[in-house]
Amino acid sequence: MSQSSEIPEKAQLVIIGAGPGGYAAAFRAVEMGQDVTLIDPEVNPGGVCLHRGCIPSKALLHVAKLVSEAEESKEIGVTFARPKIDLERVRSWKDEVIGKLTGGLGSKVDKLKITYLRGMAKFKDAHNLTIKTTDGTVGEMVFEQAILATGSRPIMLPGVAAESERIIDSTGALDIAEVPASLLVVGGGYIGLELGSVYAALESKVSVVEMTDGLLPGCDRDLVSVLKRRLDKKFESIMLNTRVEEIKEQKNGVMVSMVDNKKETTKKRFDKVLIAIGRKPNTENLGLEKTSIKLDKKGFVEVDGQMRTAEAHIFAIGDIAGEPMLAHKAYGEANVAAEAAAGRKAVFDPRAIPAVVFTDPEIAWCGLTETEARERKIKVKTAKLPWRGNGRTLTLGRDDGMTKLIIDPETDRVLGVAVAGPGAGELIAEGVLAMEMAVVSEDLRKSIHPHPTLSETIYDAAEMLFKR
Amino acid sequence: MKHEIKVPEVSEGVTEGTVVDISVAVGDAVEVDQTLLEFETDKAVIAIPSPQEGKVAEIKVAVGDSVPVGAVIMLLESSASPSDEAPVPEPSAEQEEPVAEEKPSPPAAAAKQPEPVKEAAVPDASPAAANEVDLATVRRGDRVAPAAPSVRRLARDLGVDIYQVQGTGPGGRISEGDVRSFVRVTMQRITGGGSVPAVHGEFPGLHAQRPLPDFSKWGEVSREPLSRIRELTADAMGYAWSTIPMVTQYDQAQVSEIEAFRQEYNRRAISENRLTMTAILVKVCAAALKAFPRFNSSLDLASKELVLKQYIHIGVAVDTPAGLLVPVLRDADRKGIETLALELNEIAEKTRERKIGPDVMEGGTFTISNLGGVGGTSFTPIVYAPQVAILGVSTATLQPEWDGEQFVPRLIMPLSLTYDHRVIDGADGARFLRWICDALDNPLQLVMKG
């Protein structure tokens with residue numbers, strides 16, 4: 001793509017960071033008639049999501065799915081030979097997918113006449129940026145409005161060398177330089193479980209260690225248990241209530257000592273260790289201290305309902321603007337910031353931001369969870385439908401899954417939807433629409449769902465609320 | 001180059017003023033800061049100074065005119081060689097247009113402009129001001145307004161707080177029509193246009209609030225969201241206060257004997273059975289309402305009728321940590337004091353623990369608010385619409401009474417009855433309250449009459 005190598009003197013709207021938040025904001029802003037400059041160190045837009053996150057991990061999870069389906073098809077009378085995995089090809093296929101998507105974004109940037117600067121930007125003050133391009137040019141730019149979308153990065157365990165080959169983060173794991181014989185995943189959150197599933201399918205012996213008493217903290221336990229039943233079979237071990245005390249890299253592996261809640265220490269050697277304990281916002285080296293922009297206690301940029309920072313002409317969106325750190329939340333915020341920058345009365349006021357864990361089975365939820373309802377003492381009634389009786393589930397050779405509706409007992413309004421099972425990530429979109437439209441359970445029951453599909457479980461769950 | 005002189009924003013809340021003096025005439029040369037005209041708001045007389053040197057080209061107002069803030073009152077010709085510039089014929093439509101900011105002058109003129117010219121590339125943070133959005137409605141954690149994104153957007157565009165709109169759809173869902181009818185009803189109320197149809201239920205929702213000043217100008221403030229109870233209370237009280245002409249009648253009841261009986265009764269009673277003065281008052285009021293049925297009614301102005309209820313359900317105001325709630329004792333006229341006391345104790349306890357449903361608080365025909373336990377000599381309760389009367393009870397005190405030969409101690413309980421004067425006349429109000437006082441003084445009357 002054609003990139004501007006010269007730093008323009010001024011910009012009407014400058015967007016720093018070209019991940020899902022940044023590029024979405026750029027596209028929307030152009031639509032609103034703004035003159036946009038987009039700054040990012042990568043060749044093409046895409047950010048972590050496309051380069052080192054959502055997209056590559058889903059490509060690899062597809063590989064994992066093929067492997068496990070081929071293996072499980074024995075049960076229904078189809079036997080395949082043991083799969084031969086050409087790691088080189090898997091990696092290049094994954095990179096092709098990334099290339100197609102980021103290249104597509106690059107040409108869209110061109111087509112929309114967005115000025116794309118490859119480099120890094122820093123505030124000189126609240127109206128000027130110092131920009132250093134990847135080819136070494138340094139310059140200054142005055143801007144009318146700015147959108148900060150610099151994203152986040154994985155948190156490393158303290159005291160662990162960043163450049164280690166054996167101790168890796170999600171970025172290193174997605175590179176799949178090799179398939180280690182044994183892998184320890186530190187952290188039972190969605191990133192650890194997704195990547196653990198990939199390596200398990202590629203025949204690593206995967207162990208997971210999680211500090212709290214369950215996988216996927218924050219997710220309802222009944223959903224997690226659907227997943228855990230399967231992961232228990234796929235993974236070598238899942239150690240809960242266990243804390244990693246020391247990680248020592250040795251010549252032929254990594255020695256990890258872990259302490260469980262009975263204070264018993266176990267030492268184990270793994271070929272590789274994947275650290276997936278969370279992510280933190282990229283707010284450093286931006287010169288924020290030169291502005292009156294404030295950070296909250298967790299290090300996120302403080303924003304108002306229009307995504308404006310304490311400097312009203314500077315917006316912040318995506319991972320740096322707070323949890324949940326999800327690409328689709330960034331999309332939503334990007335549209336609000338771009339519209340507000342163009343003078344529209346936009347506000348970020350979603351009723352639900354869906355969360356999806358792309359393991360097998362997938363887990364997805366939106367709106368209120370049962371856990372949260374309990375914590376906040378909100379009265380709810382629930383309908384939980386196991387997928388065992390769903391035709392489509394059985395014809396897929398599966399029997400695991402659950403659809404759950406969380407309902408306001410007073411108004412019958414849908415407060416939350418949760419799904420565990422293959423394809424849950426696709427199904428949850430209906431839940432989000434339900435939340436946004438403030439539907440009541442009767443609306444779900446009166447909407448004809450196609451047969452035989454997994455989406456019928458939402459219909460059937462709604463039906464349960466009327467059987468007494 | 002013509003410069004528009006506008007009515008400046010003089011202080012918070014002032015939206016218009018009256019021109020009291022015009023100090024210049026068309027053709028006058030004026031200097032910076034020279035007074036052009038004076039105008040009077042309801043707070044002060046303000047002199048409007050000239051922002052620059054120039055010649056008065058046009059005066060658009062006359063003394064006595066009422067002009068809103070932001071209106072153009074004068075046109076000033078820059079003294080910067082006006083002949084250089086071809087006179088631009090200004091179509092009248094353009095004059096009407098609210099011009100946000102003066103366009104930068106051509107360089108020749110700019111040099112002589114005393115007004116500081118902003119660097120074109122560095123705007124101030126004006127975009128925020130350009131699209132004022134009330135962010136108070138965003139991310140209100142607990143209960144979200146049940147409306148689709150398109151409906152919420154409409155509400156924002158119309159400047160409506162979606163949380164104040166009552167939805168008519170299933171589960172209270174707010175439709176586009178609900179937002180529009182909210183705006184219509186609110187406008188009708190403010191402008192007084194036409195009769196206001198009762199929208200949904202008894203309370204039409206928002207009561208007009210004037211814009212609040214920026215309190216932070218005078219010191220630090222914090223904000224907390226209204227609880228649902230507080231919101232409903234504010235709505236109900238605001239509605240009652242602004243629509244019902246109320247009168248409060250004061251009286252005193254002599255309760256020495258009743259109180260002695262109550263004390264004696266409670267010595268033998270277990271806690272659930274404890275007899276409270278409120279329970280006795282519920283019974284007395286129920287009997288009074290039977291004797292005076294108009295106090296047990298509601299006014300239906302739309303159909304020009306008085307709705308007389310054939311049942312007596314008495315609400316009792318209960319002070320809870322979350323706010324005031326009014327659970328209702330059903331068919332109080334058909335129950336004995338013992339039953340009423342038991343029911344009241346139970347319902348009050350449940351109310352304090354927030355364990356009662358909304359249905360328990362509906363259908364009341366009369367309300368008692370007993371502040372006797374807290375203290376005070378008397379107070380003025382507010383009628384709980386659509387009821388027409390409410391009884392306030394204050395602390396009973398021992399007072400000397402002359403019985404013809406000597407002073408004797410008497411326990412006197414102050415009562416205050418507020419009633420809807422559209423329904424109840426003053427004499428009836430006094431009679432009703434006296435009836436209650438007589439009944440308390442001589443409880444046998446209850447049996448005789450009830």
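Residues numbered from 1 in each chain as written. Chains lettered and ligands numbered in written order. Predicted model: local features only at pLDDT ≥ 70, side-chain atom pairs only at ≥ 80, totals over all residues.

**Structural notes on the overall build of chain B**
Thought 1: Check the secondary structure of chain B and you find 11 helices and 19 strands.
Thought 2: Relative to all contacts within chain B whose residues are 6 or more apart in sequence, the contacts with residues 24 or more apart total 62%. (Helix = DSSP H or I, 4+ residues; strand = E, 2+ residues; numbered from the N terminus. Contact = placed C-beta atoms within 7 Å.)

**Regarding the overall build of chain A**
Thought 1: Scanning chain A from N- to C-terminus turns up 13 helices and 21 strands.
Thought 2: Evaluated residue by residue, chain A yields a buried proportion of 49% over its 468 residues.
Thought 3: Expressed as a percentage of contacts within chain A between residues at least 6 apart in sequence, the contacts between residues at least 24 apart total 66%. (Buried ≥ 20, exposed ≤ 12 C-beta atoms within 10 Å, placed from the backbone.)

**A word on the confidence of the model for chain B**
All names here are of chain B.
Thought 1: Of the residues in chain B, 80% reach a pLDDT of 70 or more, and the chain-wide mean stands at 80.
Thought 2: Counting contacts from residues 81-130, a segment whose pLDDT is below 50, to residues more than four positions away or on other chains yields 35 contacts.
Thought 3: A low-confidence stretch, residues 194-206 stays under pLDDT 50, and its non-local contacts, those more than four residues away or across chains, total 25 contacts. (pLDDT = per-residue confidence, 0-100.)

**Regarding the interface of chain A and chain B**
Thought 1: Listed by partner, the interface residues are 27 residues for chain A and 24 residues for chain B.
Thought 2: At the level of secondary structure, the elements contributing two or more residues to the side of chain A that touches chain B comprise β5 (138-148) and α8 (327-341) of chain A.
Thought 3: The biggest single contributor to the side of chain A that touches chain B is β5 of chain A, with 3 residues.
Thought 4: Looking at the side of chain A that touches chain B, its residues break down into 8 nonpolar, 7 polar and 12 charged. (Nonpolar A, V, L, I, M, F, W, Y, C, P; charged D, E, K, R; others polar.)

**Focus on helix α8 (residues 277-291) of chain B**
Thought 1: Taking 1.5 Å as the rise per residue, α8 of chain B with 15 residues should run 21 Å; its terminal C-alpha atoms sit 21 Å apart, in good agreement.
Thought 2: Where burial is concerned, most of α8 of chain B is hidden: 12 out of the 15 residues are buried. (Expected span 1.5 Å × (residues − 1).)

**What about the pairing of strand β11 (residues 243-250) of chain A?**
All names here are of chain A.
Thought 1: Examined bridge by bridge, β11 and strand β12 (residues 253-259) share 7 bridges and lie antiparallel to one another. Bridge pairing links E246 to S257 in β12.
Thought 2: Hairpin remark: β11 followed by β12, antiparallel, with 2 residues in the connecting loop. (Pairing = 2+ DSSP bridges.)

**So, the packing of α8 of chain B against helix α10 (residues 426-441) of chain B**
All names here are of chain B.
Thought 1: Between α8 and α10, the shortest axis-to-axis distance is 10 Å and the interhelical angle comes to 135°. Classified by the angle between their axes, α8 and α10 sit oblique to one another. Viewed along their axes, α8 and α10 form a crossing whose handedness is right-handed. Residues V284, C285, A287, A288 and A291 of α8 lie in contact with α10, whose contacting residues are F432, W435, I436, A439 and L440.
Thought 2: Each residue belonging to the contact of α8 with α10 can be placed in one class, and the counts come to 10 nonpolar, no polar and no charged. (Axes fitted to C-alpha atoms, helices over the stretch in contact; angles between N-to-C directions. Parallel < 35°, antiparallel > 145°, perpendicular 65-115°, else oblique. Left-handed = near helix turned anticlockwise from the far one by under 90°.)

**Looking at the environment of D175 of chain A**
Thought 1: Position of D175 of chain A among the secondary structure elements: in the loop between α5 (170-174) and β8 (182-186).
Thought 2: For the pair D175 of chain A and K94 of chain A, spaced 81 residues apart in the sequence, the C-alpha separation amounts to 9.5 Å.

**A word on the sheet that holds strand β7 (residues 167-168) of chain A**
Residues and elements named next belong to chain A.
Thought 1: Strand order in the open sheet formed by 5 strands is β7-β14-β8-β9-β10, with parallel pairing between adjacent strands. One side of each edge strand has no neighbouring strand; the edge strands of this open sheet are β7 and β10 (237-239).
Thought 2: The sheet strands contacting helix α6 (residues 190-201) are β8, β9 (205-209) and β14 (272-275), and the helix crosses β9 at an angle near 165°.

**As for the environment of L105 of chain A**
Thought 1: As for its position among the elements, L105 of chain A is in helix α4 (residues 87-111).
Thought 2: Residues L105 of chain A and N44 of chain A, spaced 61 residues apart in sequence, show a C-alpha to C-alpha distance of 7.0 Å.

**Quick notes on the sheet that holds strand β8 (residues 72-78) of chain B**
Sheet strands associate in pairs through backbone hydrogen bonding, adopting either a parallel or an antiparallel arrangement.
All names here are of chain B.
Thought 1: A sheet is described by the order of its strands in space; here 4 strands give the open sequence β1-β8-β6-β3, paired in antiparallel fashion. The strands lining the two open edges of the sheet, one partner per strand, are β1 (2-6) and β3 (29-30).
Thought 2: In terms of strand pairing, strand β6 (residues 54-59) meets β8 through 5 bridges, oriented antiparallel. Pairing of E58 across the sheet is with L75, part of β8.

**A short note on the nonpolar core**
Thought 1: In this structure, V273 and L274 of chain A are the most contacted members of the largest nonpolar core, which totals 91 residues.
Thought 2: Per element, the largest residue contribution to this core is 8 residues, and it comes from α6 of chain A. (Core = buried A, V, L, I, M, F, W, Y, C linked by C-beta atoms within 7 Å.)

**Re helix α11 (residues 424-436) of chain A**
Residues and elements named next belong to chain A.
Thought 1: With 13 residues, α11 should reach 18 Å at 1.5 Å per residue; the first-to-last C-alpha distance of 19 Å fits that figure.
Thought 2: Looking at α11, one finds that the buried residues are A424, L427, I428, G431, A434 and M435. Relative to the axis of α11, the buried residues are bounded by an arc of 105° and lie together on one face.
Thought 3: Where the residues of α11 are buried, they touch β17 (355-357), β18 (362-367), β21 (414-421), α12 (441-446) and α13 (456-464). (Arc of directions from axis to C-beta.)

**Things to note about the packing of helix α1 (residues 20-31) of chain A against α8 of chain A**
All names here are of chain A.
Thought 1: Across the interface, α1 lies against α8 with an axial gap of 8 Å and an inter-helix angle of 35°. Taken as a pair, α1 and α8 cross one another with a handedness that is right-handed. From α1, P20, G21, A24, A25, R28 and A29 reach across to α8, where they touch A327, A330, Y331, E333, A334, N335, A337, A338, E339 and A341.
Thought 2: Each residue belonging to the contact of α1 with α8 can be placed in one class, and the counts come to 11 nonpolar, 2 polar and 3 charged.

**Remarks on the environment of V221 of chain B**
Thought 1: Structurally, the position occupied by V221 of chain B is in the loop between α5 (176-191) and α6 (228-243).
Thought 2: Once residues within four sequence positions are removed from consideration, V221 of chain B is found in contact with F215 and S216 of chain B.

**Regarding unusual backbone geometry**
Thought 1: Put simply, E323 of chain A and P324 of chain A share a cis peptide bond, and its omega is -10°.
Thought 2: Mapping P324 of chain A onto the fold places it in the loop between β16 (314-316) and α8.
Thought 3: The step from A385 of chain B to P386 of chain B runs through a cis peptide bond, and the omega angle for that step is 5°.
Thought 4: Along the chain, P386 of chain B turns up in the loop between β16 (366-370) and β17 (389-393).

**Looking at the confidence of the model for chain A**
Thought 1: Here chain A shows a mean pLDDT of 94. Residues at 70 or above account for 98%.
Thought 2: Averaged over each element, pLDDT in chain A is lowest for β11 of chain A (91) and highest for β16 of chain A (98).

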